[in-house]
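Results of the structural survey
Here are the chains, one letter per residue:
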Amino acid sequence: MGERDVYHIFLAQLANQSYRCSRLLEDRAFACMMDALRWRMPYHLRAFHTSNPRWAAENPVLKSAPELPVDIDSLLSARPVQPMRLKDKRRHQTFAVRNKCGDYVLADTEDGYGRLYRVDGIASSLVTKLEAIPITLQEASAYIDRYHRHNAGPKFHKFSVCLRVPGEPEPVGVAVASTPKARHQMDDETLEINRCCTDPRYADVCSCLYARAIRIGREMGYRRFLTYTLPSESGSSLRAVGFQPDGVTKASANGWNSPSRHRDTAQYPAGEKIRWVFHA
């Protein structure tokens, strides 16, 4: 190597944390990467340059930064399987997604520079076409057991449905519908949507699942639909579909657990719940 050789390394700033990219780039590799970026450095991404390859290993700023979990080459070469947009909830804007690799995306901005994001479902989420796919109760329950915030997967159902995004390894949401659990709600025309579990990285999945479950239920002859939420949950996805609050259910004196029907209280939260009703 000659004295004029220059090396480059990227540093990404995501959610108030700096991450260093995994490898030091020589000039040619750096030029190829900048070509992929159209020679416009995206927001949240910086490049450091040095003629001494040991500098990157000794620089205190780079040493203190954890490694970026995604390879920057993979991110810049990975196009989304289908068009999608990124919803920036802090800026209240949406941007077309240029590249996507796992949870990391490079989204276009109006000035053409782009912005790097880690999609977390809190500050940002993805908007794209969702595909409904049949799913067994066992598959739906396993998904709910893994991802639901406070409920276990059910043991019985009338039907289950899931939504997928092409390119994702598993569903981005599942819903399970069954006959009502409360006896006084059983009238042969009422269907209860008793589980809805979604991936928060994707927007509008919850309301799409409720709408899909209602559509399937109507085809089966049901005319009234029930579901329940905790008082701490906003119910915004239910309102978007057309559900209305229909009272509050009181907590059982013995909770969900009983000698004849054992339940893990951590997975079946006790307390009041809001009942929601939709009339078809």
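Everything numeric here is computed off the predicted structure, so don't read it as measured data.

Parameters and conventions
Residues numbered from 1 in each chain as written. Predicted model: local features only at pLDDT ≥ 70, side-chain atom pairs only at ≥ 80, totals over all residues. Heavy atoms only, no water. Helix = DSSP H or I, 4+ residues; strand = E, 2+ residues; numbered from the N terminus. Rg over C-alpha atoms; globule rule 2.2 N^0.38 Å. Buried < 20%, exposed > 50% of the residue type's maximum accessible area, 1.4 Å probe, protein only. Contact = heavy atoms within 4.5 Å. Areas by Shrake-Rupley, 256 points an atom, 1.4 Å probe, with all protein chains shown as cover. Lys, Arg positive; Asp, Glu negative; His and termini not counted. Charge placed at Lys NZ, Arg CZ, Asp CG, Glu CD. Disulfide = S-S within 2.5 Å. Expected span 1.5 Å × (residues − 1). Pairing = 2+ DSSP bridges. Axes fitted to C-alpha atoms, helices over the stretch in contact; angles between N-to-C directions. Salt bridge = Lys/Arg side-chain N within 4 Å of Asp/Glu carboxyl O.

When helices and strands are tallied, the chain shows seven helices and 16 strands. For a compact globule of 280 residues, the expected C-alpha radius of gyration is about 19 Å, and the chain comes in at 24 Å, more than 25% above that figure. The 280 residues of the chain split such that 43% are buried. Here the contacts in the chain between residues at least 6 apart in sequence split such that 62% fall between residues at least 24 apart. For the chain, the accessible area works out to roughly 15,700 Å², and carbon and sulfur atoms hold 49% of it. If you average the places of the 40 positive and of the 31 negative side-chain charges in the chain, the two averages end up 5 Å apart.

Take the state of the cysteines next. Counted by the stated rule, this structure contains zero disulfides. You can see C196 has no disulfide; the closest cysteine sulfur is in C206, sitting 3.6 Å from it. On the basis of relative accessibility, which here comes to 14%, the residue C196 falls in the buried class.

It is worth spelling out helix α6 (residues 205–219) at this point. The end-to-end C-alpha distance of α6 is 21 Å, a good match for the 21 Å that 15 residues give at a rise of 1.5 Å each. The set of residues buried in α6 consists of V205, S207, L209, Y210, A213, I214 and G217. On its buried side, α6 packs onto β11 (159–164), β12 (173–178), β13 (190–198), β14 (224–229), α7 (236–241) and β16 (273–279).

Taken in spatial order, the seven strands make up an open sheet running β10-β11-β12-β13-β14-β16-β15, and their pairing is mixed. Lying at the two open borders of the sheet, with one neighbouring strand each, are β10 (131–134) and β15 (244–249). Shown here is a sheet whose adjacent strand axes are inclined to one another by a mean of 30 degrees, direction ignored. Two elements, β15 and β16, share four bridges in a ladder whose sense is antiparallel. Bridge pairing links P245 to W276 in β16. Together, β11, β12 and β13 form the strand contacts of helix α5 (residues 137–147), whose direction differs from that of β12 by roughly 120 degrees. In the packing of α6 onto the sheet, contacts are made with β10, β11, β12, β13, β14 and β16, and the angle to β13 comes to roughly 150 degrees.

For strand β9 (residues 124–128), the buried fraction is high: four of the five residues fall into the buried class. Bridge count between strand β5 (residues 84–88) and β9: five bridges; the pairing is antiparallel. The residue bridging R85 from the neighbouring strand is V127, located in β9.

What follows deals with the pattern of salt bridges. Scanning the entire structure with this criterion turns up 13 salt bridges. Where R118 meets D103, a salt bridge forms, and the shortest distance between an N and an O atom there is 4.0 Å. Here the residue R118 occupies a position in strand β8 (residues 115–118), and D103 occupies one in the loop between β6 (93–101) and β7 (104–107), the gap between them amounting to 15 residues. The exposure class assigned to R118 is partly exposed, which follows from its relative accessible area of 40%. Look at D103 and you get partly exposed, because its relative accessible area is 24%. With its nearest N and O atoms 3.2 Å apart, the salt bridge here joins E170 to R146. Here R146 lies in helix α5 and E170 lies in the loop between β11 and β12, a separation of 24 residues in the sequence. The partly exposed category is assigned to E170, whose relative accessible area is 26%. Salt bridges here are not isolated pairs; linked through shared partners, they connect K100, D103, R118, E168, D199 and R201.

The next subject is unusual backbone geometry. In this structure, D188 takes a positive phi of about 70 degrees despite not being glycine. With respect to the secondary-structure elements, D188 resides in the loop between β12 and β13. With a relative accessible area of 76%, D188 lands in the exposed category. Despite not being glycine, D204 shows a phi value in the positive range, around 65 degrees. Among the residues examined, D204 registers a relative accessible area of 43% and is labelled partly exposed.

Moving on to the environment of G217. Following the sequence through the fold, G217 ends up in helix α6. With a relative accessible area of 0%, G217 lands in the buried category. Sequence-distant contacts of G217, that is, excluding residues within four places in its chain, are made with F159, L191, Y222 and F225.

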